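# Topology and contacts: notes
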Protein chains: 2
Amino acid sequence: MPDTLYSWPDALTRGVFLTIEGIEGVGKSTAVHYIRDYLLALKKDFILTREPGGTKLAEAIRELLLRPDPHEIMTREAELLLMFASRAQHIANVILPALQAGKWVVSDRFLDASYAYQGGGRKIDTARIDMLTQWIVGNVKPTLTILLDADPAVGLARAKNRGPQDRIEQEKIDFFERVRNGYLVCAKQDPTRFHIINANQPLEKVQDELKKILDLLITRPDSDS
Amino acid sequence: MPDTLYSWPDALTRGVFLTIEGIEGVGKSTAVHYIRDYLLALKKDFILTREPGGTKLAEAIRELLLRPDPHEIMTREAELLLMFASRAQHIANVILPALQAGKWVVSDRFLDASYAYQGGGRKIDTARIDMLTQWIVGNVKPTLTILLDADPAVGLARAKNRGPQDRIEQEKIDFFERVRNGYLVCAKQDPTRFHIINANQPLEKVQDELKKILDLLITRPDSDS
(Lines give C-alpha, C1' and ligand atoms only; values in the text may rest on other atoms or scores of the structure.)
Protein backbone atom coordinates (compact mmCIF):
# COMPACT_ATOMS: atom_id res chain seq x y z
CA MET A 1 0.00 0.00 0.00
CA PRO A 2 1.19 3.57 -0.58
CA ASP A 3 3.22 5.15 2.19
CA THR A 4 1.17 8.32 2.30
CA LEU A 5 -1.86 9.96 0.75
CA TYR A 6 -0.17 13.22 -0.02
CA SER A 7 2.81 14.55 -1.93
CA TRP A 8 3.73 16.90 0.87
CA PRO A 9 7.32 17.80 -0.13
CA ASP A 10 5.86 19.98 -2.92
CA ALA A 11 3.72 21.80 -0.39
CA LEU A 12 6.51 22.03 2.18
CA THR A 13 8.65 24.18 -0.08
CA ARG A 14 5.83 26.67 -0.48
CA GLY A 15 3.74 27.21 2.65
CA VAL A 16 4.66 27.29 6.34
CA PHE A 17 2.80 25.03 8.76
CA LEU A 18 2.92 26.26 12.35
CA THR A 19 1.19 24.40 15.17
CA ILE A 20 0.59 25.50 18.77
CA GLU A 21 0.31 22.76 21.36
CA GLY A 22 -0.27 22.55 25.09
CA ILE A 23 -2.72 21.47 27.74
CA GLU A 24 -5.79 23.42 28.89
CA GLY A 25 -5.20 26.93 30.23
CA VAL A 26 -1.59 27.44 29.11
CA GLY A 27 -2.49 30.42 26.89
CA LYS A 28 -2.79 28.83 23.46
CA SER A 29 -5.53 31.22 22.33
CA THR A 30 -3.52 34.27 23.42
CA ALA A 31 -0.49 32.90 21.56
CA VAL A 32 -2.55 32.31 18.41
CA HIS A 33 -3.83 35.91 18.59
CA TYR A 34 -0.28 37.16 18.95
CA ILE A 35 0.82 35.13 15.90
CA ARG A 36 -2.15 36.43 13.92
CA ASP A 37 -1.19 40.04 14.67
CA TYR A 38 2.45 39.29 13.81
CA LEU A 39 1.54 37.80 10.42
CA LEU A 40 -1.00 40.56 9.71
CA ALA A 41 1.69 43.21 10.36
CA LEU A 42 3.96 41.48 7.84
CA LYS A 43 1.08 41.13 5.34
CA LYS A 44 1.59 37.36 5.17
CA ASP A 45 -1.10 35.24 3.52
CA PHE A 46 -2.25 32.90 6.29
CA ILE A 47 -5.13 30.92 7.75
CA LEU A 48 -5.90 30.19 11.41
CA THR A 49 -7.44 26.84 12.15
CA ARG A 50 -7.73 24.28 14.95
CA GLU A 51 -8.01 20.62 15.88
CA PRO A 52 -10.18 18.82 16.34
CA GLY A 53 -12.03 20.91 13.78
CA GLY A 54 -11.23 23.15 10.86
CA THR A 55 -13.93 21.92 8.46
CA LYS A 56 -17.69 21.66 8.92
CA LEU A 57 -17.55 17.88 9.35
CA ALA A 58 -14.45 18.05 11.54
CA GLU A 59 -16.18 20.63 13.76
CA ALA A 60 -19.20 18.31 14.06
CA ILE A 61 -16.79 15.54 15.13
CA ARG A 62 -15.27 18.00 17.64
CA GLU A 63 -18.73 18.46 19.14
CA LEU A 64 -19.04 14.69 19.63
CA LEU A 65 -15.56 14.55 21.18
CA LEU A 66 -16.06 17.38 23.66
CA ARG A 67 -19.72 16.96 24.67
CA PRO A 68 -19.95 15.31 28.06
CA ASP A 69 -22.45 12.42 28.12
CA PRO A 70 -23.09 10.86 31.52
CA HIS A 71 -24.95 7.97 29.86
CA GLU A 72 -22.25 6.64 27.52
CA ILE A 73 -18.55 6.08 28.12
CA MET A 74 -16.53 6.99 25.04
CA THR A 75 -13.93 4.29 24.46
CA ARG A 76 -10.39 5.57 24.05
CA GLU A 77 -10.30 3.79 20.69
CA ALA A 78 -13.35 5.72 19.41
CA GLU A 79 -11.78 8.94 20.72
CA LEU A 80 -8.56 8.32 18.77
CA LEU A 81 -10.40 7.28 15.59
CA LEU A 82 -12.66 10.35 15.75
CA MET A 83 -9.57 12.55 16.14
CA PHE A 84 -7.99 11.04 13.04
CA ALA A 85 -11.27 11.15 11.07
CA SER A 86 -11.46 14.90 11.73
CA ARG A 87 -7.75 15.20 10.92
CA ALA A 88 -8.22 13.47 7.55
CA GLN A 89 -10.86 16.08 6.64
CA HIS A 90 -8.73 18.92 7.99
CA ILE A 91 -5.61 17.94 6.04
CA ALA A 92 -7.34 17.14 2.74
CA ASN A 93 -9.74 20.08 2.65
CA VAL A 94 -7.94 22.87 4.53
CA ILE A 95 -4.28 22.39 5.45
CA LEU A 96 -2.89 20.90 2.25
CA PRO A 97 -4.71 23.23 -0.17
CA ALA A 98 -3.53 26.26 1.84
CA LEU A 99 0.09 25.04 1.98
CA GLN A 100 0.04 24.22 -1.73
CA ALA A 101 -1.17 27.78 -2.38
CA GLY A 102 1.89 29.02 -0.47
CA LYS A 103 -0.01 30.20 2.60
CA TRP A 104 0.93 30.02 6.23
CA VAL A 105 -1.25 27.60 8.18
CA VAL A 106 -1.45 28.27 11.93
CA SER A 107 -3.26 25.50 13.80
CA ASP A 108 -4.34 25.49 17.44
CA ARG A 109 -3.29 21.86 18.10
CA PHE A 110 -2.54 19.15 15.53
CA LEU A 111 -0.98 15.68 15.42
CA ASP A 112 1.15 15.94 18.58
CA ALA A 113 -2.06 16.35 20.60
CA SER A 114 -3.04 12.76 19.69
CA TYR A 115 0.25 11.46 21.09
CA ALA A 116 -0.16 13.63 24.20
CA TYR A 117 -3.89 13.11 24.91
CA GLN A 118 -4.71 9.67 23.51
CA GLY A 119 -1.18 8.27 23.90
CA GLY A 120 -0.08 9.88 27.16
CA GLY A 121 -3.46 10.69 28.71
CA ARG A 122 -5.43 7.61 27.59
CA LYS A 123 -2.41 5.28 27.46
CA ILE A 124 -3.10 4.02 23.93
CA ASP A 125 -0.06 2.20 22.57
CA THR A 126 2.04 4.65 20.56
CA ALA A 127 2.38 2.04 17.79
CA ARG A 128 -1.38 2.45 17.11
CA ILE A 129 -1.00 6.20 16.76
CA ASP A 130 2.11 5.79 14.59
CA MET A 131 0.12 3.56 12.26
CA LEU A 132 -2.68 6.13 11.86
CA THR A 133 -0.13 8.93 11.50
CA GLN A 134 1.73 7.18 8.72
CA TRP A 135 -1.56 6.60 6.89
CA ILE A 136 -3.53 9.80 7.48
CA VAL A 137 -0.85 12.44 8.07
CA GLY A 138 2.00 11.03 5.98
CA ASN A 139 4.59 13.74 5.50
CA VAL A 140 2.27 16.62 6.34
CA LYS A 141 4.25 17.42 9.48
CA PRO A 142 4.41 20.96 10.85
CA THR A 143 7.32 23.16 9.85
CA LEU A 144 7.50 24.27 13.46
CA THR A 145 5.60 23.48 16.65
CA ILE A 146 5.37 25.74 19.68
CA LEU A 147 4.69 23.86 22.90
CA LEU A 148 3.36 26.05 25.71
CA ASP A 149 4.38 24.11 28.79
CA ALA A 150 3.11 24.63 32.32
CA ASP A 151 2.22 22.73 35.45
CA PRO A 152 -1.28 21.27 34.88
CA ALA A 153 -2.47 22.64 38.25
CA VAL A 154 -1.86 26.20 37.01
CA GLY A 155 -3.42 25.60 33.59
CA LEU A 156 -6.50 23.86 34.93
CA ALA A 157 -7.17 26.64 37.44
CA ARG A 158 -7.15 29.12 34.53
CA ALA A 159 -9.33 26.89 32.36
CA LYS A 160 -11.91 26.50 35.12
CA ASN A 161 -12.51 30.25 35.13
CA ARG A 162 -13.70 30.06 31.52
CA GLY A 163 -17.07 28.43 32.20
CA PRO A 164 -18.52 24.91 31.91
CA GLN A 165 -15.96 22.16 31.39
CA ASP A 166 -16.02 19.96 28.30
CA ARG A 167 -15.55 16.17 28.37
CA ILE A 168 -11.76 16.42 28.28
CA GLU A 169 -11.51 19.26 30.79
CA GLN A 170 -13.47 17.11 33.23
CA GLU A 171 -10.51 14.74 33.52
CA LYS A 172 -8.48 14.64 36.73
CA ILE A 173 -5.08 16.22 37.30
CA ASP A 174 -3.10 12.99 36.78
CA PHE A 175 -4.59 12.75 33.27
CA PHE A 176 -3.20 16.19 32.43
CA GLU A 177 0.15 15.32 33.97
CA ARG A 178 0.36 12.37 31.57
CA VAL A 179 -0.71 14.65 28.68
CA ARG A 180 1.97 17.20 29.56
CA ASN A 181 4.53 14.44 29.76
CA GLY A 182 3.32 13.10 26.40
CA TYR A 183 3.95 16.49 24.83
CA LEU A 184 7.43 16.65 26.36
CA VAL A 185 8.21 13.20 24.92
CA CYS A 186 7.11 14.44 21.45
CA ALA A 187 9.38 17.48 21.84
CA LYS A 188 12.33 15.33 22.87
CA GLN A 189 11.87 13.09 19.84
CA ASP A 190 11.79 15.98 17.39
CA PRO A 191 13.90 18.77 18.94
CA THR A 192 14.47 20.70 15.72
CA ARG A 193 10.72 21.06 15.06
CA PHE A 194 9.69 21.84 18.64
CA HIS A 195 10.14 25.10 20.54
CA ILE A 196 9.10 24.84 24.16
CA ILE A 197 7.96 28.02 25.92
CA ASN A 198 7.57 28.08 29.68
CA ALA A 199 3.96 29.22 30.01
CA ASN A 200 4.31 29.95 33.71
CA GLN A 201 6.20 33.13 32.81
CA PRO A 202 4.49 36.54 32.61
CA LEU A 203 2.66 37.14 29.32
CA GLU A 204 5.26 39.64 28.04
CA LYS A 205 8.06 37.08 28.44
CA VAL A 206 6.00 34.45 26.61
CA GLN A 207 5.35 36.90 23.78
CA ASP A 208 9.05 37.88 23.61
CA GLU A 209 9.88 34.22 23.05
CA LEU A 210 7.10 33.85 20.50
CA LYS A 211 8.47 36.85 18.61
CA LYS A 212 11.99 35.43 18.54
CA ILE A 213 10.72 32.12 17.17
CA LEU A 214 8.60 33.82 14.50
CA ASP A 215 11.49 36.12 13.50
CA LEU A 216 13.65 33.05 12.95
CA LEU A 217 10.92 31.25 11.01
CA ILE A 218 10.31 34.23 8.73
CA THR A 219 13.98 34.41 7.77
CA ARG A 220 14.63 30.69 7.39
CA PRO A 221 16.63 29.93 4.22
CA ASP A 222 13.99 27.74 2.55
CA SER A 223 11.18 30.26 3.06
CA ASP A 224 9.88 31.85 -0.14
CA SER A 225 7.01 33.64 1.53
CA MET B 1 0.78 -4.29 21.87
CA PRO B 2 -2.09 -6.63 22.75
CA ASP B 3 -3.67 -8.52 19.88
CA THR B 4 -7.18 -7.55 20.82
CA LEU B 5 -9.19 -5.48 23.27
CA TYR B 6 -11.60 -8.22 24.21
CA SER B 7 -11.60 -11.74 25.55
CA TRP B 8 -14.18 -12.86 23.04
CA PRO B 9 -13.86 -16.65 23.33
CA ASP B 10 -15.66 -16.42 26.69
CA ALA B 11 -18.51 -14.57 25.07
CA LEU B 12 -18.59 -16.82 22.00
CA THR B 13 -19.47 -19.87 24.03
CA ARG B 14 -22.46 -18.07 25.52
CA GLY B 15 -24.25 -15.71 23.13
CA VAL B 16 -24.95 -15.97 19.42
CA PHE B 17 -23.89 -13.12 17.14
CA LEU B 18 -25.86 -12.98 13.89
CA THR B 19 -25.25 -10.30 11.26
CA ILE B 20 -27.29 -9.46 8.18
CA GLU B 21 -25.40 -7.90 5.29
CA GLY B 22 -26.23 -6.65 1.82
CA ILE B 23 -26.50 -3.57 -0.34
CA GLU B 24 -29.39 -1.11 -0.37
CA GLY B 25 -32.84 -2.48 -1.19
CA VAL B 26 -32.11 -6.24 -0.86
CA GLY B 27 -34.60 -6.67 1.99
CA LYS B 28 -32.39 -6.51 5.07
CA SER B 29 -35.09 -4.88 7.21
CA THR B 30 -37.66 -7.50 6.22
CA ALA B 31 -35.14 -10.24 7.05
CA VAL B 32 -34.39 -8.67 10.44
CA HIS B 33 -38.14 -8.56 11.20
CA TYR B 34 -38.45 -12.20 10.23
CA ILE B 35 -35.55 -13.14 12.53
CA ARG B 36 -37.08 -11.10 15.37
CA ASP B 37 -40.39 -12.97 15.04
CA TYR B 38 -38.53 -16.29 14.87
CA LEU B 39 -36.56 -15.58 18.08
CA LEU B 40 -39.66 -14.18 19.84
CA ALA B 41 -41.58 -17.37 19.04
CA LEU B 42 -38.78 -19.42 20.60
CA LYS B 43 -38.61 -17.05 23.61
CA LYS B 44 -34.91 -16.41 23.01
CA ASP B 45 -33.25 -13.52 24.84
CA PHE B 46 -32.01 -11.25 22.04
CA ILE B 47 -31.27 -7.68 20.99
CA LEU B 48 -31.66 -6.10 17.56
CA THR B 49 -29.07 -3.50 16.62
CA ARG B 50 -27.43 -1.96 13.57
CA GLU B 51 -24.28 -0.42 12.11
CA PRO B 52 -23.29 2.25 11.87
CA GLY B 53 -25.12 2.90 15.12
CA GLY B 54 -26.32 0.95 18.11
CA THR B 55 -25.31 3.44 20.82
CA LYS B 56 -26.16 7.12 21.22
CA LEU B 57 -22.69 8.22 20.13
CA ALA B 58 -22.56 5.64 17.33
CA GLU B 59 -25.95 6.86 16.07
CA ALA B 60 -24.62 10.44 16.08
CA ILE B 61 -21.67 9.23 14.01
CA ARG B 62 -24.16 7.49 11.68
CA GLU B 63 -25.86 10.85 11.15
CA LEU B 64 -22.53 12.38 10.09
CA LEU B 65 -21.84 9.43 7.77
CA LEU B 66 -25.21 9.46 6.00
CA ARG B 67 -26.02 13.19 5.83
CA PRO B 68 -25.32 14.50 2.35
CA ASP B 69 -23.29 17.73 2.39
CA PRO B 70 -22.83 19.41 -0.98
CA HIS B 71 -20.20 21.75 0.54
CA GLU B 72 -17.69 19.24 1.88
CA ILE B 73 -16.34 16.05 0.35
CA MET B 74 -15.93 13.33 2.97
CA THR B 75 -12.58 11.63 2.43
CA ARG B 76 -12.75 7.86 2.22
CA GLU B 77 -10.26 7.74 5.12
CA ALA B 78 -12.58 9.78 7.38
CA GLU B 79 -15.48 7.55 6.32
CA LEU B 80 -13.59 4.38 7.32
CA LEU B 81 -12.36 5.88 10.62
CA LEU B 82 -15.87 7.08 11.53
CA MET B 83 -17.21 3.58 10.81
CA PHE B 84 -14.66 2.02 13.14
CA ALA B 85 -15.16 4.71 15.82
CA SER B 86 -18.86 3.87 15.90
CA ARG B 87 -17.99 0.15 15.84
CA ALA B 88 -15.70 0.53 18.88
CA GLN B 89 -18.62 2.05 20.82
CA HIS B 90 -21.04 -0.57 19.53
CA ILE B 91 -18.84 -3.53 20.47
CA ALA B 92 -17.78 -2.27 23.90
CA ASN B 93 -21.13 -0.92 25.06
CA VAL B 94 -23.71 -3.14 23.34
CA ILE B 95 -22.51 -6.25 21.50
CA LEU B 96 -20.01 -7.65 23.98
CA PRO B 97 -22.10 -7.08 27.14
CA ALA B 98 -25.09 -8.77 25.45
CA LEU B 99 -23.03 -11.75 24.26
CA GLN B 100 -21.41 -12.10 27.67
CA ALA B 101 -24.90 -12.17 29.18
CA GLY B 102 -25.69 -15.10 26.87
CA LYS B 103 -28.03 -13.15 24.59
CA TRP B 104 -28.47 -13.34 20.87
CA VAL B 105 -27.23 -10.23 19.07
CA VAL B 106 -28.79 -9.58 15.66
CA SER B 107 -27.11 -6.72 13.83
CA ASP B 108 -28.24 -5.08 10.61
CA ARG B 109 -24.74 -4.81 9.09
CA PHE B 110 -21.39 -5.14 10.89
CA LEU B 111 -17.72 -5.56 10.02
CA ASP B 112 -18.14 -7.08 6.56
CA ALA B 113 -19.84 -3.85 5.45
CA SER B 114 -16.52 -1.99 5.92
CA TYR B 115 -14.78 -4.44 3.59
CA ALA B 116 -17.65 -4.17 1.08
CA TYR B 117 -18.30 -0.40 1.20
CA GLN B 118 -14.96 1.18 2.13
CA GLY B 119 -12.81 -1.62 0.69
CA GLY B 120 -14.83 -2.58 -2.42
CA GLY B 121 -16.82 0.60 -2.96
CA ARG B 122 -14.19 3.21 -1.97
CA LYS B 123 -11.20 1.07 -2.96
CA ILE B 124 -9.37 1.48 0.36
CA ASP B 125 -6.54 -1.03 0.62
CA THR B 126 -7.80 -4.11 2.48
CA ALA B 127 -4.63 -4.10 4.60
CA ARG B 128 -5.81 -0.82 6.21
CA ILE B 129 -9.16 -2.38 7.11
CA ASP B 130 -7.45 -5.55 8.38
CA MET B 131 -5.33 -3.40 10.69
CA LEU B 132 -8.39 -1.64 12.16
CA THR B 133 -10.25 -4.94 12.40
CA GLN B 134 -7.46 -6.62 14.32
CA TRP B 135 -7.35 -3.68 16.75
CA ILE B 136 -11.02 -2.73 17.20
CA VAL B 137 -12.91 -5.96 16.47
CA GLY B 138 -10.35 -8.55 17.54
CA ASN B 139 -12.10 -11.88 17.86
CA VAL B 140 -15.61 -10.45 18.11
CA LYS B 141 -16.58 -11.99 14.78
CA PRO B 142 -20.16 -13.01 14.05
CA THR B 143 -21.21 -16.58 14.71
CA LEU B 144 -23.06 -16.47 11.41
CA THR B 145 -23.56 -13.89 8.67
CA ILE B 146 -26.46 -13.85 6.22
CA LEU B 147 -25.65 -12.07 2.96
CA LEU B 148 -28.70 -11.01 0.98
CA ASP B 149 -27.35 -10.84 -2.53
CA ALA B 150 -29.00 -9.20 -5.51
CA ASP B 151 -28.18 -7.26 -8.62
CA PRO B 152 -27.60 -3.62 -7.53
CA ALA B 153 -29.98 -2.34 -10.23
CA VAL B 154 -32.86 -4.22 -8.57
CA GLY B 155 -31.90 -3.17 -5.03
CA LEU B 156 -31.41 0.49 -5.91
CA ALA B 157 -34.77 0.68 -7.66
CA ARG B 158 -36.41 -0.61 -4.44
CA ALA B 159 -34.36 1.76 -2.23
CA LYS B 160 -35.35 4.78 -4.35
CA ASN B 161 -39.01 4.19 -3.56
CA ARG B 162 -38.31 4.72 0.15
CA GLY B 163 -37.82 8.50 0.02
CA PRO B 164 -34.84 10.89 0.01
CA GLN B 165 -31.47 9.23 -0.58
CA ASP B 166 -28.69 9.44 2.01
CA ARG B 167 -25.03 10.17 1.17
CA ILE B 168 -24.25 6.53 0.41
CA GLU B 169 -27.44 5.84 -1.54
CA GLN B 170 -26.54 8.77 -3.81
CA GLU B 171 -23.59 6.78 -5.19
CA LYS B 172 -23.72 5.48 -8.76
CA ILE B 173 -24.45 1.90 -9.83
CA ASP B 174 -20.78 0.96 -10.35
CA PHE B 175 -20.11 1.81 -6.69
CA PHE B 176 -22.77 -0.68 -5.60
CA GLU B 177 -21.45 -3.27 -8.03
CA ARG B 178 -18.07 -2.99 -6.30
CA VAL B 179 -19.80 -3.20 -2.88
CA ARG B 180 -21.70 -6.33 -3.91
CA ASN B 181 -18.48 -7.85 -5.19
CA GLY B 182 -16.75 -6.87 -1.91
CA TYR B 183 -19.40 -8.78 0.02
CA LEU B 184 -18.99 -11.83 -2.23
CA VAL B 185 -15.22 -11.75 -1.63
CA CYS B 186 -15.85 -11.70 2.15
CA ALA B 187 -18.18 -14.68 1.77
CA LYS B 188 -15.65 -16.60 -0.30
CA GLN B 189 -12.95 -16.03 2.34
CA ASP B 190 -15.12 -17.26 5.20
CA PRO B 191 -17.52 -19.80 3.69
CA THR B 192 -18.42 -21.50 7.00
CA ARG B 193 -19.58 -18.22 8.56
CA PHE B 194 -21.44 -16.87 5.53
CA HIS B 195 -24.80 -17.95 4.17
CA ILE B 196 -25.69 -16.27 0.89
CA ILE B 197 -29.37 -15.89 0.05
CA ASN B 198 -30.42 -14.89 -3.45
CA ALA B 199 -32.52 -11.80 -2.71
CA ASN B 200 -33.99 -11.73 -6.20
CA GLN B 201 -36.26 -14.63 -5.24
CA PRO B 202 -39.84 -14.11 -4.05
CA LEU B 203 -40.10 -13.14 -0.37
CA GLU B 204 -41.47 -16.56 0.66
CA LYS B 205 -38.44 -18.32 -0.80
CA VAL B 206 -36.07 -15.90 0.98
CA GLN B 207 -37.88 -16.55 4.25
CA ASP B 208 -37.78 -20.32 3.71
CA GLU B 209 -34.01 -20.09 3.41
CA LEU B 210 -33.80 -17.82 6.46
CA LYS B 211 -35.81 -20.35 8.45
CA LYS B 212 -33.53 -23.21 7.43
CA ILE B 213 -30.43 -21.25 8.47
CA LEU B 214 -31.96 -20.26 11.82
CA ASP B 215 -33.12 -23.82 12.50
CA LEU B 216 -29.54 -25.02 11.99
CA LEU B 217 -28.12 -22.24 14.16
CA ILE B 218 -30.53 -22.99 17.00
CA THR B 219 -29.54 -26.64 17.08
CA ARG B 220 -25.78 -26.20 16.64
CA PRO B 221 -23.81 -28.41 19.09
CA ASP B 222 -22.03 -25.54 20.93
CA SER B 223 -25.24 -23.57 21.51
CA ASP B 224 -26.30 -23.40 25.16
CA SER B 225 -29.11 -20.93 24.55
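The model shown is predicted, which means the values in this text are computed figures rather than measured ones. (Residues numbered from 1 in each chain as written. Chains lettered and ligands numbered in written order. Predicted model: local features only at pLDDT ≥ 70, side-chain atom pairs only at ≥ 80, totals over all residues. Heavy atoms only, no water.)

### Description of the packing of helix α5 (residues 111-121) of chain B against helix α6 (residues 126-137) of chain B
Residues and elements named next belong to chain B. Two elements in contact, α5 and α6, have axes separated by 10 Å at closest approach and are oriented at 160 degrees. By the angle class used here, α5 and α6 are roughly antiparallel. Considering how the two elements wind past one another, α5 and α6 form a crossing that is right-handed. Residues Leu111, Ser114, Tyr115, Gln118 and Gly119 of α5 pack against Thr126, Ile129, Asp130, Thr133 and Val137 of α6. Classifying every residue of the contact of α5 with α6 by side-chain character gives four nonpolar, five polar and one charged. (Axes fitted to C-alpha atoms, helices over the stretch in contact; angles between N-to-C directions. Helix = DSSP H or I, 4+ residues; strand = E, 2+ residues; numbered from the N terminus. Parallel < 35°, antiparallel > 145°, perpendicular 65-115°, else oblique. Left-handed = near helix turned anticlockwise from the far one by under 90°. Contact = heavy atoms within 4.5 Å. Nonpolar A, V, L, I, M, F, W, Y, C, P; charged D, E, K, R; others polar.)

### Focus: the side chain of Arg62(B)
Residues and elements named next belong to chain B. Summarising the element assignment, Arg62 is placed in helix α3 (residues 56-66). One buried charge, Arg62, has no salt-bridge partner; the nearest side chain with opposite charge is Glu59, at 4.5 Å. Residue contacts for Arg62: discarding those within four places in its chain leaves Arg50, Glu51 and Pro52. (Buried < 20%, exposed > 50% of the residue type's maximum accessible area, 1.4 Å probe, protein only. Lys, Arg positive; Asp, Glu negative; His and termini not counted. Salt bridge = Lys/Arg side-chain N within 4 Å of Asp/Glu carboxyl O.)

### Focus on helix α7 (residues 152-160) of chain B
All names here are of chain B. Every buried residue belonging to α7 is among Pro152, Gly155, Leu156 and Ala159, and all of these are buried. For α7, the buried positions fall inside an angular range of 95 degrees around the axis, keeping them on one side. Buried residues belonging to α7 abut α8 (173-189). The N-cap of α7, judged by a side-chain oxygen 2.9 Å from the amide nitrogen of Ala153 a few residues on, is Asp151. (Arc of directions from axis to C-beta. Polar contact = N/O pair within 3.5 Å; in protein donor to acceptor, adjacent residues only side chain to side chain.)

### Observations regarding the pairing of strand β1 (residues 16-21) of chain B
Residue and element names in this part refer to chain B. Most of β1 sits out of view: six of its six residues are buried. With burial as the criterion, each face of β1 is covered, one bearing Val16, Leu18 and Ile20 and the other bearing Phe17, Thr19 and Glu21. Examined bridge by bridge, β1 and strand β3 (residues 104-108) share five bridges and lie parallel to one another. By the bridge assignment for β3, Phe17 is matched with Val105. Bridge count for β1 against strand β4 (residues 144-149) is four bridges, and the pairing is parallel. Its bridge partner being in β4, Ile20 is matched across the sheet by Ile146. (Pairing = 2+ DSSP bridges.)

### Some thoughts on the relation of the copies chain B and chain A
Superposition of chain B onto chain A requires a rotation of 180 degrees combined with a translation of 0.0 Å along the rotation axis, giving an RMSD of 0.0 Å. Here the copies are linked by what is in effect a two-fold axis. For chain B, the smallest separation between a C-alpha atom and the rotation axis is recorded for Leu81(B), amounting to 2.8 Å. Here 100% of the contact residues of chain B are again contact residues in chain A; the copies associate through an equivalent surface. (Least-squares fit on C-alpha atoms with pLDDT ≥ 70 in both.)

### Re the packing of helix α4 (residues 76-100) of chain A against helix α6 (residues 126-137) of chain A
All names here are of chain A. For the pair α4 and α6, the least separation of the axes is 10 Å and the interaxial angle reads 20 degrees. If you check the angle between α4 and α6, you find them roughly parallel. Considering the relative orientation of α4 and α6, their crossing is right-handed. Between α4 and α6, the residues in contact are Leu80, Leu81, Phe84, Arg87, Ala88 and Ile91 and Ile129, Leu132, Thr133, Ile136 and Val137, respectively. Partitioning the contact of α4 with α6 into residue classes produces nine nonpolar, one polar and one charged.

### Comments concerning the confidence of the model for chain A
Residues and elements named next belong to chain A. For chain A, per-residue confidence averages 91 on the pLDDT scale, and residues scoring 70 or more make up 92% of the total. Taken together, the stretch residues 1-5 has pLDDT below 50 and engages in twelve contacts with residues farther than four places along the chain or on a different chain. Interface confidence for the predicted complex, expressed as ipTM, amounts to 0.92; the pTM equals 0.93. (pLDDT = per-residue confidence, 0-100.)

### Quick notes on the packing of aromatic side chains
Enumeration according to the criterion identifies eight aromatic pairs over all chains in this entry. Centre to centre, the rings of Tyr117(A) and Phe175(A) are 6.2 Å apart; their planes meet at 55 degrees, and the pair counts as tilted. With Tyr117(A) in helix α5 (residues 111-121) and Phe175(A) in helix α8 (residues 173-189), this residue pair connects regions lying 58 residues apart in the sequence. Across this residue pair, the class does not change: Tyr117(A) and Phe175(A) are buried. Ring geometry for Tyr117(A) against Tyr183(A): centres 6.2 Å apart, planes inclined by 85 degrees, an arrangement best described as edge-to-face. Of this pair, Tyr117(A) sits in helix α5 while Tyr183(A) sits in helix α8, and the two are 66 residues apart along the sequence. Its relative accessible area of 6% is what places Tyr117(A) among the buried residues. Taken together, the aromatic side chains of Tyr117(A), Phe175(A), Phe176(A) and Tyr183(A) make up a single cluster linked through ring pairs. In this structure, Arg87(A) packs its charged tip against the face of Phe110(A), placed 5.6 Å from the ring centre. When the ring centre of Phe84(B) is taken as reference, the NZ or CZ atom of Arg87(B) above it lies at 4.7 Å. (Phe/Tyr/Trp six-rings, centres within 6.5 Å; stacked < 30°, edge-to-face > 60°. Lys NZ or Arg CZ within 6 Å of the ring centre and 35° of its normal.)

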